[in-house]
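Listed here are the chains, written in short residue letters.
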Amino acid sequence: MAAAENGDIFELEGYGAVGFSKDQPVRLTRSQTLAMPHGSELMMLPDRALVAYNLDRDRFDTLTRNPFAPDEKIFPVAVFNSPGYVNRYFCAYKAPEDAGPLPLFSYGAVGFGRNHFRSAAIQVDTEPRQDLRQMPENKVIQGVGHMQKKYPNNRLMRHLETCALQYGCPAGKNFFLQRYEAPLPTSRVCNANCLGCISLQPGPGLHACQDRIAFTPTAAEIAQVALEHIFHVPRAVVSFGQGCEGEPLTAHKAIVPAVQMIREQTGQGTINLNTNASLPEHVKTLCQSGLDSMRVSMNSVRQKTYTAYFRPSSYTWEDVLKSIDTARAHNKFVAVNYLNCPGFTDSEKEAAALFAFIRDHDINMIQWRNLNYDPRQYVAAMETVAPGGPILGMAPLINSLKQTFPRLIHGYFNPPKERF
Ligand code: SF4
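All values derive from a computational prediction rather than experimental measurement.

Colleague: Just checking my understanding: could you explain the overall build of the chain for this structure?
Modeller: What the chain contains, in helices and strands, is 11 helices and 25 strands. In terms of its C-alpha atoms, the chain occupies a principal-axis envelope of roughly 70 × 50 × 40 Å. Within the chain, the fraction of its 420 residues that count as buried is 58%. Restricting to contacts in the chain with at least 6 residues of sequence separation, those with at least 24 account for 79%. Of the roughly 17,600 Å² of accessible surface on the chain, a fraction of 51% belongs to carbon and sulfur atoms.

Okay, structure coming up:
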């Protein structure tokens, strides 16, 4: 299938769907795909040539024009899969040498089967936490009105209103819908400079998806949001470290007393920290103050490729490992927010490092997150730093992790402590 210049998507007769892993095209088969998940979005890639499988000639063709109407330009189509689905392959396209990076989304491979779109993806989480069909806008607006009356002076709640109503953030919506997990953004700054940071993109070419919070909420404001959620939601989760902020550990002066305030009032609920785990001393204080779980974002567990993506300004990979060991030493639940990209994550060297990392640091869960970055530029950048070697495949990688580490949880969402 292809997209026309006006964005219409149509099937290309005589051509089969293709995905990419590193720089290798792969023909998509029915067994490697599933019905495109509800809530996924299809994207046309401008300034890119599509790669399709010519069934008659039994070869991969690179196309910029419709073979049946040569004056018509055509473009690749990618899928931004819904939460809980890991990309097996990324979209099959070729880019001109001087092409800038694609916007900050993940670009999964997709085809058209019988009468529906099919994603080359693997489901890792079935929870409807961010299923938009269960998040009606009118209920969100009602929830906002309710909180405005109940907490007229809480600036953090006002910030979450923008997240829920303007940015359409599912975590923000869930707070006002009083379901699952509530966000606790706190930090205006970060001590890393990720290539694909969604809250700050200082350089030309890429744009952040949302602005960072412009103030540091007080411990009382944070605790009020958290307790409102914990007291009204069964098996509630409240999480520091959201897309609309920097690194929460840099706001430790606010979040440590907030956690203490929450735990003075209740032992209920799960207090979670989504973090780059850069500051082990503050992780220790949070563990001693009542934190329940920590989710550490990383694109790789190899120091060189981690550093090439996160570009830490004031911490090291060793600090990240120390934070994880500190949390595990306090018997806290530790998940890795694994920013994955087919063709890199499932490379031999990355896989071997991941197995060793899990053995050495006894983490509890891998949350598989499709990396929101131009996959071809990303793989090329990582290969330049530390080549990954032959490709194993995302499904074989996940299956062998399950066999080797049967107690390791695979998923997408931060679990409540009742499911640790
Ligand atoms: S750790 Fe988070 S906030 Fe910091 S640069 Fe990376 S993505 Fe951005």
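Moving on from the model shown.
Colleague: Would you mind showing me how to read the side chain of Thr-186 here?
Modeller: If you trace the backbone, Thr-186 turns up in the loop between β19 (181-183) and α4 (219-230). In this structure, Thr-186 is in contact with Ile-213, Phe-215, Thr-216, Pro-217, Ile-222, Phe-240, Glu-245, Pro-248, Ala-251 and Ile-255, ignoring residues within four places of it in sequence.

Colleague: Help me out: how do you make sense of the sheet that holds strand β5 (residues 24-27) in this one?
Modeller: Where strands meet in a sheet, backbone hydrogen bonds hold them as pairs that are either parallel or antiparallel. Across the sheet, three strands lie side by side as β5-β4-β14; this open sheet has antiparallel pairing. Sheet topology places β5 and β14 (90-91) at the edges, where each strand pairs with a single neighbour.

Colleague: Whenever I open this one, the side chain of Glu-127 confuses me. Can you help?
Modeller: Topologically, Glu-127 is positioned in the loop between β18 (121-123) and α1 (137-150). A distance of 3.2 Å separates a polar atom in the side chain of Glu-127 from a polar atom in the side chain of Arg-419. Beyond its immediate chain neighbours, meaning those up to four positions away, Glu-127 contacts Tyr-180, Phe-413 and Arg-419.

Colleague: Help me understand the site of the ligand, please; the structure alone is not making it clear to me.
Modeller: Around the ligand, the neighbouring residues are Cys-190, Ala-192, Asn-193, Cys-194, Cys-197, Ser-199, Arg-212, Glu-245, Gly-246 and Asn-276. The class makeup of the residues in the shell around the ligand is four nonpolar, four polar and two charged.

Colleague: Hey, could you run me through the nonpolar core in this one?
Modeller: As a rule of thumb, nonpolar side chains are buried together in soluble globular proteins. Among the nonpolar cores identified, the biggest contains 99 residues, and Met-298, Phe-357 and Trp-368 are the most heavily contacted of them. Among the domains, domain 1 (2-123) and domain 2 (132-419) are the pair contributing at least three residues each to this core. Look past the residues within four positions of Trp-368 in its chain and what remains in contact with it is Val-86, Val-124, Tyr-338, Asn-340, Thr-345, Met-394, Leu-397, Ile-398, Leu-401, His-410, Gly-411 and Tyr-412.

Colleague: Whenever I open this one, the pattern of salt bridges confuses me. Can you help?
Modeller: Where charged atoms of side chains with opposite charge meet at close range, the side chains can pair. Within the structure shown, the criterion is met by 16 salt bridges. Here Arg-155 makes a salt bridge to Glu-221, at a shortest N to O gap of 2.8 Å. Placement of Arg-155 in helix α2 (residues 155-165) and of Glu-221 in helix α4 is noted, with a sequence separation of 66 residues between them. Since its relative accessible area comes to 9%, Glu-221 is described here as buried. In this structure, the salt-bridge partner of Glu-161 is Arg-158, at a minimum N-O distance of 2.6 Å. Residue Glu-161 and its partner Arg-158 are both found in helix α2; the two are separated by three residues, about one turn of the helix. Salt bridges sharing common partners tie together Glu-127, Arg-129, Glu-181 and Arg-419.

Colleague: How should the packing of helix α7 (residues 303-310) against helix α10 (residues 375-385) be read in this particular structure?
Modeller: The description of two packed helices rests on the angle between their axes and on the distance between the axes. At a minimum axis separation of 9 Å, α7 and α10 run at an interaxial angle of 135 degrees. Taken together, the axis directions place α7 and α10 in an arrangement best described as oblique. For the crossing formed where α7 meets α10, the hand is right-handed. Seen from α7, the contacting residues are Lys-304, Thr-305, Ala-308 and Tyr-309; seen from α10, they are Tyr-378, Met-382 and Val-385. Grouping the constituent residues of the contact of α7 with α10 by class yields five nonpolar, one polar and one charged.

Colleague: Looking at this structure, I do not really get the sheet that holds strand β24 (residues 365-370). What am I missing?
Modeller: Here we have seven strands laid out as an open sheet, ordered β19-β20-β21-β22-β23-β24-β25, and parallel in their pairing. One side of each edge strand has no neighbouring strand; the edge strands of this open sheet are β19 and β25 (409-411). Taken over all neighbouring pairs, the strand axes of this sheet differ in orientation by 25 degrees on average, direction set aside. α7 rests against β22 (293-298) and β23 (333-340) of the sheet, and its axis sits at about 85 degrees to β22.

Colleague: What should I look at first to understand unusual backbone geometry in this one?
Modeller: Note: most residues except glycine have negative phi, and most peptide bonds are trans. We note that Asp-58 has phi near 55 degrees; this positive angle belongs to a residue other than glycine. By secondary structure assignment, the location of Asp-58 is in the loop between β8 (49-54) and β9 (59-63).

Colleague: Would you mind going over α4 with me for this structure?
Modeller: For the α-helix, the turn length of 3.6 residues means that residues three or four positions removed from each other point alike. Between the first and last C-alpha of α4 there are 16 Å, a value that for 12 residues agrees with the 16 Å anticipated at 1.5 Å per step. Within α4, 10 of the 12 residues are buried, leaving the element largely enclosed by the surrounding structure. Those residues of α4 not exposed but buried are Ala-219, Glu-221, Ile-222, Ala-223, Val-225, Ala-226, Leu-227, Glu-228, His-229 and Ile-230. Next to the buried residues of α4 lie α1, α2, α3 (170-177), β19, β20 (237-240) and α5 (252-265).

Colleague: I tried to follow α10 on my own but got confused; where do I start?
Modeller: Within α10, burial applies to Pro-375, Tyr-378, Val-379, Met-382 and Glu-383. One face of α10 carries all of its buried residues, which in axial projection span an arc of 125 degrees. Those residues of α10 hidden inside the fold are in contact with β14, β15 (93-94) and α7. The N-terminus of α10 is capped by Asp-374, whose side-chain oxygen sits 3.2 Å from the backbone nitrogen of Arg-376.

Colleague: Before we go on, may I ask you to explain empty space enclosed by the protein in this structure?
Modeller: By rolling a water-sized probe across the atoms, one finds the places where empty space is left. Evaluated as defined, the whole model comprises two cavities of 30 Å³ or more. Listing elements by their share of the lining of the largest cavity, those giving two or more residues are β3 (15-16), β8 and β16 (110-113). It is β8 that contributes the most residues to the lining of the largest cavity, three residues altogether. Tallied by class, the residues present in the lining of the largest cavity amount to 14 nonpolar, two polar and no charged. If you add up the space inside the second largest cavity, you get close to 60 Å³. Around the second largest cavity, the lining residues are Asn-87, Phe-90, Ser-106, Tyr-107, Asn-340, Cys-341, Pro-342, Asn-370, Leu-371, Tyr-373 and Pro-375. The class makeup of the residues in the lining of the second largest cavity is seven nonpolar, four polar and no charged.

Definitions and cut-offs
- Residues numbered from 1 in each chain as written.
- Predicted model: local features only at pLDDT ≥ 70, side-chain atom pairs only at ≥ 80, totals over all residues.
- Heavy atoms only, no water.
- Helix = DSSP H or I, 4+ residues; strand = E, 2+ residues; numbered from the N terminus.
- Buried < 20%, exposed > 50% of the residue type's maximum accessible area, 1.4 Å probe, protein only.
- Contact = heavy atoms within 4.5 Å.
- Areas by Shrake-Rupley, 256 points an atom, 1.4 Å probe, with all protein chains shown as cover.
- Pairing = 2+ DSSP bridges.
- Polar contact = N/O pair within 3.5 Å; in protein donor to acceptor, adjacent residues only side chain to side chain.
- Near = heavy atom within 4 Å.
- Nonpolar A, V, L, I, M, F, W, Y, C, P; charged D, E, K, R; others polar.
- Core = buried A, V, L, I, M, F, W, Y, C linked by side-chain atoms within 4.5 Å.
- Domains from an automatic or database assignment.
- Salt bridge = Lys/Arg side-chain N within 4 Å of Asp/Glu carboxyl O.
- Axes fitted to C-alpha atoms, helices over the stretch in contact; angles between N-to-C directions.
- Parallel < 35°, antiparallel > 145°, perpendicular 65-115°, else oblique.
- Left-handed = near helix turned anticlockwise from the far one by under 90°.
- Expected span 1.5 Å × (residues − 1).
- Arc of directions from axis to C-beta.
- 1 Å grid on protein atoms, 1.4 Å probe; cavity = no way out; pocket = protein on both sides within 12 Å on 5 of 7 lines; lining within 4 Å.
- Points joined across faces, edges and corners; volume = space filled by probe spheres on them.

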